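Topology and contacts: notes
Given next are the chains, with one letter for each unit.
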Amino acid sequence: MAKEIYFEDVAIGTEMPKLVKSPLQKLNHVIYAGASGDFNPLHTDDDFAKAVGMKDGMITHGMLVMGFVGQAVTNWIPKKNLKRFGVRFAGMTKPGNTITVIGKVIDKKSQGGVNLITCEVTAVDETGDVKVTGSFDAALPTKG
Amino acid sequence: MADHSKVGKEYAAVQWEVERGKIRELARAIGDPDPIYVSKEAAIKEGYKDSPASATFLTVPMMWSSSMPVVITDLAINFAMLLHGEEEYEYYQEIYPGDVITASPKVAAIEEKTSKSGKKMDMVTIELLYVNQRGEKVAKAKSLLVERK
């Protein structure tokens, strides 16, 4: 799916294609809980979530939002070129939120025969509220 | 509050046989349409040996093995006050269906911090270095857990 991207094709400032996900449904939390094995009821049970202080009920697994960011990254840069990927969970995501992932190249260097790019990535909801910030490194092939 | 005396402690190894169906299921749960996670043929066409584990797959052995709850309980962290602060992966080679990956969770650091609003928090860093059935390093996972106090 991700086409080969060459080191020569990107520059500092090059933007990653924007990914807009469908609005999150409670069902997405249940499916992700089963897939990931994270059955913390904070993510699937409104009564439990309210009892521990979440006034609107269940909140989305942070790792599902990181998964959206990972999708945006590896739909652009082939998974096999990804060397490091890290995020900070900056805000809580809830059912109904529409997550958009954006990113851009912030560094580019060749060292020891490896052509490395570093990109920053951000996931926001429909109001622009930041949910996840992070970065990744990828080693890219050259045309030469 | 987190037990600060346990910095450096290593826990029982997580061992996990990677199943093709779990790679596909996680991609589907995320809604990632990339066919490499579903079809071996599509993956081979794009230069993989088989369907690779996706970028955030390492959450699966951690959660399904119940390793993280064991660590959190041993560190005396209050689940109700726990937040996932950060997550980071380093990738050394692809993880494929049939691989058996193993890692021991290690408490890399515990630090107390004070938020802007003056609330104290314990910041707990857990690291796992995964090796495969051939003893090759495949990936490192680092989780930052935040316990509000």
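These notes cover the structure that comes with them. (Residues numbered from 1 in each chain as written. Chains lettered and ligands numbered in written order. Predicted model: local features only at pLDDT ≥ 70, side-chain atom pairs only at ≥ 80, totals over all residues.)

1. What about the overall build of chain A?
Looking only at helices and strands, chain A has 3 helices and 5 strands in total. Starting at the N terminus and ending at the C terminus, chain A contains elements arranged as β-α-α-α-β-β-β-β. Counting only C-alpha atoms and orienting by the principal axes, one finds that chain A spans roughly 60 × 30 × 25 Å. The buried share among the 144 residues of chain A stands at 36%. (Helix = DSSP H or I, 4+ residues; strand = E, 2+ residues; numbered from the N terminus. Buried ≥ 20, exposed ≤ 12 C-beta atoms within 10 Å, placed from the backbone.)

2. Details of the overall build of chain B
Helix and strand counts for chain B come out as 4 helices and 6 strands. Secondary structure elements of chain B, listed N to C terminal, follow the sequence β-α-α-α-α-β-β-β-β-β. Across its three principal axes, chain B shows a C-alpha extent of roughly 55 × 30 × 20 Å. Counting across all 149 residues of chain B, residues that qualify as buried make up 39%. Sequence-distant contacts, at least 24 apart, represent 68% of the contacts inside chain B between residues at least 6 apart. (Contact = placed C-beta atoms within 7 Å.)

3. A few points about the interface of chain B and chain A
Taken together, the contact pairs 30 residues of chain B with 31 residues of chain A. Every element with two or more residues in the side of chain B that touches chain A is listed here: α1 (20-30), α3 (59-64) and β2 (82-91) of chain B. With 8 residues, the single largest contributor to the side of chain B that touches chain A is β2 of chain B. Its residues placed into classes, the side of chain B that touches chain A shows 14 nonpolar, 7 polar and 9 charged. Here 5 bridges tie strand β2 (residues 82-89) of chain A to β2 of chain B, and the two strands are oriented antiparallel to one another. Note that in β2 of chain B the partner of R88 of chain A across the bridge is E86 of chain B. (Nonpolar A, V, L, I, M, F, W, Y, C, P; charged D, E, K, R; others polar. Pairing = 2+ DSSP bridges.)

4. Remarks on the nonpolar core
Formed by 67 residues in total, the largest nonpolar core has its most connected members in F68, V69 and V73 of chain A. With 8 residues, the top contributor of residues to this core is helix α3 (residues 62-76) of chain A. Setting aside chain neighbours within four positions, we find V73 of chain A in contact with L82, F85, V121 and F136 of chain A together with A55 of chain B. (Core = buried A, V, L, I, M, F, W, Y, C linked by C-beta atoms within 7 Å.)

5. Comments concerning α1 of chain B
Structurally, the α-helix is built with 3.6 residues per turn, so residues lying three or four positions apart point the same way. Restricting attention to buried positions, one finds in α1 of chain B the residues K22, I23, L26, A27, A29 and I30 of chain B. Buried residues along α1 of chain B cover an arc of 160 degrees about the axis, so they all sit on one side. Residues of α1 of chain B that are buried in the fold lie against α1 (26-36) and α3 of chain A together with α3 of chain B. (Arc of directions from axis to C-beta.)

6. Some points on α1 of chain A
Along α1 of chain A, the residues classified as buried are H29, Y32, A35 and S36 of chain A. With its buried residues spanning 130 degrees around the axis, α1 of chain A presents them on a single face. In this structure, the buried side of α1 of chain A is in contact with α3 of chain A together with α1 and α3 of chain B. Following α1 of chain A by one or two positions, G37 of chain A adopts a phi angle in the positive range, close to 85 degrees.

7. Notes on the environment of D107 of chain A
Residue and element names in this part refer to chain A. Counting through the fold element by element, D107 comes out in strand β3 (residues 100-111). A tally of 12 C-beta atoms within 10 Å means that D107 is categorised as exposed. A sequence separation of 64 residues divides D107 from H43, and the C-alpha atoms of the two residues are 36 Å apart. Setting aside residues up to four positions removed in sequence, D107 forms contacts with I12, I117 and T118.

8. Quick look at the pairing of β2 of chain B
Examined bridge by bridge, β2 of chain B and strand β6 (residues 137-148) of chain B share 9 bridges and lie antiparallel to one another. Along β6 of chain B, the bridge assignment pairs E90 of chain B with K140 of chain B.

9. Here's the deal with the packing of α1 of chain A against α1 of chain B
Relative orientation of the contacting elements α1 of chain A and α1 of chain B amounts to 155 degrees, with a least axis distance of 9 Å. Regarding the angle of α1 of chain A to α1 of chain B, the classification is roughly antiparallel. Relative to α1 of chain B, α1 of chain A is oriented so that their crossing is left-handed. The residues of α1 of chain B that touch α1 of chain A, namely those facing I31, Y32, A35 and S36 of chain A, are E25, L26 and A29 of chain B. (Axes fitted to C-alpha atoms, helices over the stretch in contact; angles between N-to-C directions. Parallel < 35°, antiparallel > 145°, perpendicular 65-115°, else oblique. Left-handed = near helix turned anticlockwise from the far one by under 90°.)

10. What about the environment of A123 of chain A?
All names here are of chain A. Assignment of secondary structure puts A123 in strand β4 (residues 114-124). Distance in space between the C-alpha atoms of A123 and V20 is 9.6 Å, their sequence separation being 103 residues. Leaving out residues up to four positions away in the same chain, A123 has contacts with V65, F68, V69, I99, V101, K131 and V132.

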